[in-house]
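Examination of the molecular architecture
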Amino acid sequence: MDTMKILLGATVALLLAAVVLSWQKMQEDNRNVSPEEMARVEKQITQLQLEQERIKAEKQLREIRTKLPGTGMVAAAPPSTDKVAELESKLAETQARLDAAEDETTKAERDASVAEDEAGLIAQRDLESRDRDLRRARQISQALLIATITEYVEDEQIGSFAVVDIQRPENVQSGTVLDIRRNTGILGKLKVSEISGSEAIANPVPESFFGGRIDIQPGDELIIPPPF
């Protein structure tokens, strides 16, 4: 038990030292660190300091109840009731503060994560505001998947058509026109002509393909055209 306590105390001390060094580095580079991230690290430092206090109080309480001669643990003289009560009260208070600090650390970590996500979103929107193609690619990639092409047939007698697997039947009916998505680009359009259960037959709209060249492959996705 004592060995485990010593190892735990040493681990907490090392963690505290590492976090303090990280915090000091952040202070040096504070222009690149969000206030939420600084607050998160400060809460971690407080939590680790309280953990050290808790371990120290437990050790003091244990030692006042026993004495440790070189040959092993032997019962000591009855400790002072007031001293034991004082240490127990201190331990309980430290534990309560530690529990509160853990809650604050969790909240700070959540706030830092939200701030990071928001910063990334703002940066992306700023970039997209200056790059129309990037914004278009994002809208295409995020468009709701309606169906997937499972087969494409080119026949001179009956014409070209695609067999599609419908994922969202509520968005598909005879005459529905859907865009063909591959990665973050739109190749052209398909018009649904027949529906049978979860499958449908759709015909390419030739004028929607760049240069009139129809390029359709199994695995291409069908989406509702984004509002560019």
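Residues numbered from 1 in each chain as written. Predicted model: local features only at pLDDT ≥ 70, side-chain atom pairs only at ≥ 80, totals over all residues. Heavy atoms only, no water.

Glancing now at the confidence of the model for the protein chain. For the protein chain, mean pLDDT is 75; residues scoring 70 or higher make up 64% of the total. Here residues 67-77 is modelled with pLDDT under 50, and outside its nearest four sequence neighbours on either side it reaches 12 contacts, counting other chains as well. (pLDDT = per-residue confidence, 0-100. Contact = heavy atoms within 4.5 Å.)

Attention now goes to the sheet that holds strand β8 (residues 221-223). In sheet architecture, strand pairing relies on hydrogen bonds along the backbone and comes in two forms, parallel and antiparallel. Strand order in the closed barrel formed by six strands is β3-β4-β7-β6-β5-β8, with antiparallel pairing between adjacent strands. Averaged over all pairs of adjacent strands, the angle between their axes in this sheet comes to 45 degrees, without regard to strand direction. Across the sheet, helix α4 (residues 132-142) is in contact with β5 (177-182), β6 (185-196) and β8; its angle to β5 comes to roughly 110 degrees. (Pairing = 2+ DSSP bridges. Helix = DSSP H or I, 4+ residues; strand = E, 2+ residues; numbered from the N terminus. Axes fitted to C-alpha atoms, helices over the stretch in contact; angles between N-to-C directions.)

Attention now moves to the pairing of strand β3 (residues 145-153). The pairing of β3 with β8 spans three bridges and is antiparallel. Among the inter-strand pairings, Ala147 is bridged to a residue of β8, identified as Leu222. Sheet topology places β3 next to strand β4 (residues 161-166); six bridges connect them, and they run antiparallel. Its bridge partner being in β4, Tyr152 is matched across the sheet by Ala162.

With that out of the way, let us pick up the nonpolar core. The biggest cluster of nonpolar side chains holds 17 residues, and the ones touching the most others in it are Ile149, Val164, Ile180, Leu190, Ile216 and Leu222. Mapped onto this core, the elements with two or more residues apiece are β3, β4, β5, β6 and β7 (199-204). Per-element tally for this core: the top contributor is β3, with four residues. The contacts of Ile149, once residues within four sequence positions are left out, are Ala162, Val163, Val164, Ile180, Leu190, Ile216, Gln217, Pro218, Gly219, Asp220 and Leu222. (Core = buried A, V, L, I, M, F, W, Y, C linked by side-chain atoms within 4.5 Å. Buried < 20%, exposed > 50% of the residue type's maximum accessible area, 1.4 Å probe, protein only.)

To continue, consider the pairing of β6. Walk down a regular strand and you will see the side chains alternate between the two sheet faces. Two elements, β5 and β6, share six bridges in a ladder whose sense is antiparallel. When the bridges of β6 are listed, Ile180 appears paired with Gly188. Between the antiparallel neighbours β6 and β7 lie two residues, among them Gly197 with a positive phi of about 65 degrees.

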